[in-house]
Amino acid sequence: MTLREITYRQALNEALAEELERDQNVFLMGEEVAQYNGAYKISQGLLERFGPKRVIDAPIAEAGFAGIGIGAAMVGLRPIVEFMTFSFSLVAFDQVANNAPNIMTMSGGQFHAPIVFRGPNGPAHQLGATHMHATECLYANFPGLKIVVPATPRDAKGLLKSAVRDEAPVLVLEVEMLYAFKGMVEPPMPEFDLLVPIGKASVAREGSDVTILSYGRTVPMALHAAEQIEKEHGIHAEVIDLRSIKPLDLETILNSVTKTHRVVVAEQDRPFCGIGAELTFQIQQHIFDELDAPVARVAQEEVAVPYNEALEHAMLPNEEKIVAAVRATCGV
Amino acid sequence: MDKSQKKRSELKLLYDMLAIRRFEEKAQQQYQMQKIGGFLHLYIGQEAVAVGSVAGCRPEDYLITAYRDHGHALARGMGMNECMAEIFGKATGCSKGLGGSMHYFDKKNNMMGGHAIVGGHIPLAAGLGFASKYRGEDRVTLCYMGDGAINIGSFHEALNMAGLWKLPVIFVCENNQFAMGTAAGRSNPLKEIVDRGAGYAMPSLVMDGMDVRAVRDTIGDVCAKIRKSPEPYWIECRTYRYRGHSMSDPATYRTKEELEKHKKDDPITNFSTTLLKEGVLTEEEYKKMDAEVKALAAESVAFAESSPEPPLEDLHKYTLPPLNPDYQPVATTPEIAKQNPFNC
Ligand SMILES: Cc1ncc(C[n+]2csc(CCOP(=O)(O)OP(=O)(O)O)c2C)c(N)n1
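On a predicted model such as this, the values are computed, not experimentally measured, just so you know. (Residues numbered from 1 in each chain as written. Chains lettered and ligands numbered in written order. Predicted model: local features only at pLDDT ≥ 70, side-chain atom pairs only at ≥ 80, totals over all residues. Heavy atoms only, no water.)

### A look at the overall build of chain B
No. 1: Each helix and strand in chain B was counted, giving 12 helices and 8 strands.
No. 2: For 344 residues, the compact-globule estimate of 2.2 N^0.38 gives 20 Å, and chain B sits close to it at 21 Å.
No. 3: Reported as C-alpha extents along the three principal axes, the dimensions of chain B are approximately 65 × 50 × 50 Å.
No. 4: The buried share of chain B, taken over its 344 residues, is 54%.
No. 5: When the accessible surface of chain B is split by element, carbon and sulfur atoms take 56% of a total near 15900 Å².
No. 6: Taking the average location of the 42 positive side-chain charges in chain B and that of its 44 negative ones, the two points are 2 Å from each other. (Helix = DSSP H or I, 4+ residues; strand = E, 2+ residues; numbered from the N terminus. Rg over C-alpha atoms; globule rule 2.2 N^0.38 Å. Buried < 20%, exposed > 50% of the residue type's maximum accessible area, 1.4 Å probe, protein only. Areas by Shrake-Rupley, 256 points an atom, 1.4 Å probe, with all protein chains shown as cover. Lys, Arg positive; Asp, Glu negative; His and termini not counted. Charge placed at Lys NZ, Arg CZ, Asp CG, Glu CD.)

Right, here's the structure in full:
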């Protein structure tokens, strides 16, 4: 089997095409997904190939089409709902957070909603206060949702395909800044059916001195930071890519920290009740004695995203901040 | 109004439209030179709507719109300098460089902002109208939205309450025929957008958005009616956007012919031709006017470029307002308990 280099964007496109091909119950709905081929071109060519019954342009009505997806999923269809960005899912919050995850409990197990909500999420570039929300920490508070954040083309494809086949509502939080990012991926179906399991983290880089817990946008940042720290300070950082926020792969995280005894969390959301708050709690709860230093966190600043480029840079997580946090944690 | 006053006010309409056009052409050029980041949505083709509207209402009336907000801002009296500086992200910008192109605010001109979430500002407009009625003021709120915005929940909820409580708000749908790549007929089942108003028991009308006088007069009439007897209006304003949705949209969903057809109906050319024909304007005057606004637009770039970046401290400065020990509560009276402006 020969691997190919494709972009994160192409990987998502292939995943959609393969799942649409595999199962007639799957359809894609969202704003500009059909005739326009997607605002970010993730659905390029899908209308042409699968037709307007299955690749559907919706009006600007997020609450409406998110709910339509959930309703259709309750009776056996397998919708993929695209949010042009997850910032716009906030107007559909009741559907995503209140309907999708609760249907099963409310109906005593009679109904559930196998639906995928997907689209770009989190930091982008100079889009201002309303368009770059990292929503993972919001949705992570609702039991009944699964949340994945792919950081590589392979994971983008494999996680999205797994999400479509999952019975739970799954949020696939894509990283706009990585859409053009390239990586090696197995050949498409029918040659290879790439499924990346939901709930498994990956060790993106091995190391022995400190663990950097990252996901999404912060994975490439953490990898670069790790290179730099190794070169400049001889510190070997292990980089974990969580891939899945919920369920969380605690085992991989704890194993790594048990080895390195030091942790820096690099998260793309805001710190208060952010993903890092939960990670920190879990680590100290399970392996407090293994820690040689307090857990450090790099996240957004606790402010609305400013438009100005320099201030935006100052408020978002970045490589320099990760390097600084690792150095502080390791005392170099 | 005497003749020379009338002439001046007509020429101002043309001047303001031309100023918006030249400002945005400059902004587009700066964007292409990568001096500006993020989104840039141009209003080119729709200038008559903002300019005519502002001419038809009073300075104390509130104006609120979506992210395609440069035209409304400039028409409302904001300067090119502060507007250009904003998209350069500079401290001298109208929102101190923190808002960007989609968020032009100006308290002194009652410009209540450009808003970036489709439909998100429509309930705010109803809230502005609510406040005016609550205070017994005869202010009108003008709320602008695109044809794509009439399909989102916040639109429905806001218009329903505005209709129910008879709030003094003019809801103007700038039907430029597309929401990104989606033609209006592909996003709502009505043949005519104006018919939406019926569901909220609002008097509804259609306005020609390529004719600045028609816009001014319609808005003027409606404002006068609302001031006498507050209630919301629904106006479908037919217009066209000449550029893509934003700078990243090549607009391949429409034909060249369609675009050319609408360009023949250019609100600025239309109006300048009319004024020339009527003898209100000479070719000389027009050229001078155009040169003047072009110079202002060029100056605004120089101003923006030479302006300082916002200081790093600004990052935390506007998250929470400080407590206001000087706030003076207004004492309540028994009469107020008898008022029922919202017919509840
Ligand atoms: C809730 C929400 N969904 C999607 C978007 C992305 N978006 C921005 S503008 C736009 C099209 C809006 O079209 P319209 O209302 O007709 O206004 P126009 O751009 O034509 O002025 C879309 C889909 C958004 N900003 N907010």
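### A closer look at the site of the ligand
No. 1: If you check the shell around the ligand, you find 21 residues, and the closest are Glu-62 of chain A together with Tyr-67, Arg-68, Gly-148 and Asn-176 of chain B.
No. 2: Per-site note: the chains with residues close to the ligand are chains A and B.
No. 3: Within the backbone of Gly-148 of chain B, a nitrogen or oxygen atom sits 2.8 Å from an oxygen atom of the ligand.
No. 4: Contact between the ligand and Phe-178 of chain B: an oxygen atom at 2.9 Å from a main-chain N or O atom of the residue.
No. 5: Across the complex, the protein chains shield 95% of the 590 Å² of accessible surface that the ligand would expose by itself.
No. 6: Its residues assigned to classes, the shell around the ligand comprises 12 nonpolar, 5 polar and 4 charged. (Near = heavy atom within 4 Å. Polar contact = N/O pair within 3.5 Å; in protein donor to acceptor, adjacent residues only side chain to side chain. Nonpolar A, V, L, I, M, F, W, Y, C, P; charged D, E, K, R; others polar.)

### Things to note about the domain arrangement of chain A
Residue and element names in this part refer to chain A.
No. 1: Domains assigned within chain A are domain 1 (4-185) and domain 2 (202-330).
No. 2: The C-alpha-based centres of domain 1 and domain 2 are spaced at 26 Å.
No. 3: At the interface, 28 residues of domain 1 touch 25 residues of domain 2.
No. 4: Across the interface of domain 1 and domain 2, roughly 2200 Å² is buried in total on both sides, 58% from carbon and sulfur atoms.
No. 5: Contact with domain 2 buries area across many residues of domain 1, yet Pro-123, Gln-126 and Val-149 alone supply 25% of it, more than any other trio.
No. 6: One can count 1 salt bridge joining domain 1 with domain 2.
No. 7: Among the ionic pairs, Arg-243 bridges to Asp-155, the shortest N-O distance being 2.9 Å.
No. 8: Applying the counting criterion to the domain 1 and domain 2 interface returns 13 residue pairs in polar contact (both at pLDDT 80 or more).
No. 9: Looking at the side of domain 1 that touches domain 2, the elements with two or more residues in it are helix 6 (136-139), strand 6 (146-148) and helix 7 (153-165).
No. 10: Top element by residues in the side of domain 1 that touches domain 2 is strand 6. It accounts for 3 residues. (Domains from an automatic or database assignment. Contact = heavy atoms within 4.5 Å. Buried area = accessible area lost by both parts, 1.4 Å probe. Salt bridge = Lys/Arg side-chain N within 4 Å of Asp/Glu carboxyl O.)

### Focus: unusual backbone geometry
All names here are of chain A.
No. 1: Residue Pro-190 is reached from Met-189 by a cis peptide bond, and omega for that bond is 5°.
No. 2: Mapping Pro-190 onto the fold places it in the loop between strand 8 (182-185) and strand 9 (202-205).
No. 3: The linkage connecting Lys-246 with the following residue, Pro-247, adopts the cis geometry, with an omega of 0°.
No. 4: Tracing the sequence through the fold places Pro-247 in the loop between strand 12 (244-246) and helix 9 (250-260).
No. 5: One non-glycine residue with positive phi stands out, namely Lys-41, at about 65°.
No. 6: Structurally, the position occupied by Lys-41 is in the loop between strand 2 (26-30) and helix 2 (46-50).
No. 7: Look at Lys-41 and you get partly exposed, because its relative accessible area is 31%.
No. 8: The backbone phi angle of Cys-273 is positive, close to 60°, even though this residue is not glycine.

### A closer look at the side chain of Lys-157 of chain A
Residue and element names in this part refer to chain A.
No. 1: Position of Lys-157 among the secondary structure elements: in helix 7.
No. 2: Using a relative accessible area of 0% as the deciding quantity, one classes Lys-157 as buried.
No. 3: At 2.7 Å, the side chain of Lys-157 and the side chain of Glu-14 are in polar contact.
No. 4: Residues contacting Lys-157, with those up to four places away along its chain left out, are Arg-4, Ala-11, Glu-14, Ala-15, Glu-18, Val-185, Pro-187, Pro-188 and Leu-194.

### Considerations on the interface of chain B and chain A
No. 1: Taken together, the contact between chain B and chain A spans 37 residues of the former and 28 residues of the latter.
No. 2: Both sides of the chain B and chain A interface together cover about 2500 Å² of buried area, and 65% of this is carbon and sulfur.
No. 3: It is Ile-117, Arg-186 and Leu-315 of chain B that lose the most area in chain B upon contact with chain A, and together they represent 23% of the buried surface on that side.
No. 4: Elements that contribute at least two residues to the side of chain B that touches chain A include exactly helix 4 (80-87) and helix 11 (314-317) of chain B.

### A few points about the sheet that holds strand 4 (residues 78-82) of chain A
Residue and element names in this part refer to chain A.
No. 1: The strand order 3-2-4-5-7-6-12 describes an open sheet built from 7 strands, whose pairing is mixed. Every other strand in the sheet has two partners, leaving strand 3 (55-57) and strand 12 as the edge strands with one partner each. Taken over all neighbouring pairs, the strand axes of this sheet differ in orientation by 20° on average, direction set aside.
No. 2: Pairing analysis gives 3 bridges linking strand 4 to strand 5 (residues 116-120), with the strands arranged parallel. Across the sheet, Val-81 pairs through a bridge with Phe-117, a residue of strand 5.
No. 3: Along the sheet face, helix 3 (residues 62-74) touches strand 2, strand 4 and strand 5 and points at about 165° away from the line of strand 4.
No. 4: Relative to strand 5, helix 7 is tilted by about 155°, and along the sheet it contacts strand 2, strand 4, strand 5, strand 6 and strand 7 (170-174). (Pairing = 2+ DSSP bridges. Axes fitted to C-alpha atoms, helices over the stretch in contact; angles between N-to-C directions.)

### Topic: the nonpolar core
No. 1: With 80 residues, the main nonpolar core has Phe-117, Leu-171 and Ile-283 of chain A as its most contacted residues.
No. 2: The biggest single contributor to this core is helix 1 (residues 8-22) of chain A, with 7 residues.
No. 3: Taken domain by domain, the makeup of this core includes at least three residues from each of domain 1 (4-185) and domain 2 (202-330) of chain A.
No. 4: For Leu-171 of chain A, the contacting residues outside a window of four places in its chain are Phe-86, Val-96, Phe-117, Tyr-139, Leu-145, Lys-146, Ile-147 and Val-148 of chain A.
No. 5: In terms of nonpolar packing, the next biggest core, distinct from the first, is built from 66 residues, Tyr-307 of chain A together with Leu-13, Ala-50 and Leu-74 of chain B among them. (Core = buried A, V, L, I, M, F, W, Y, C linked by side-chain atoms within 4.5 Å.)

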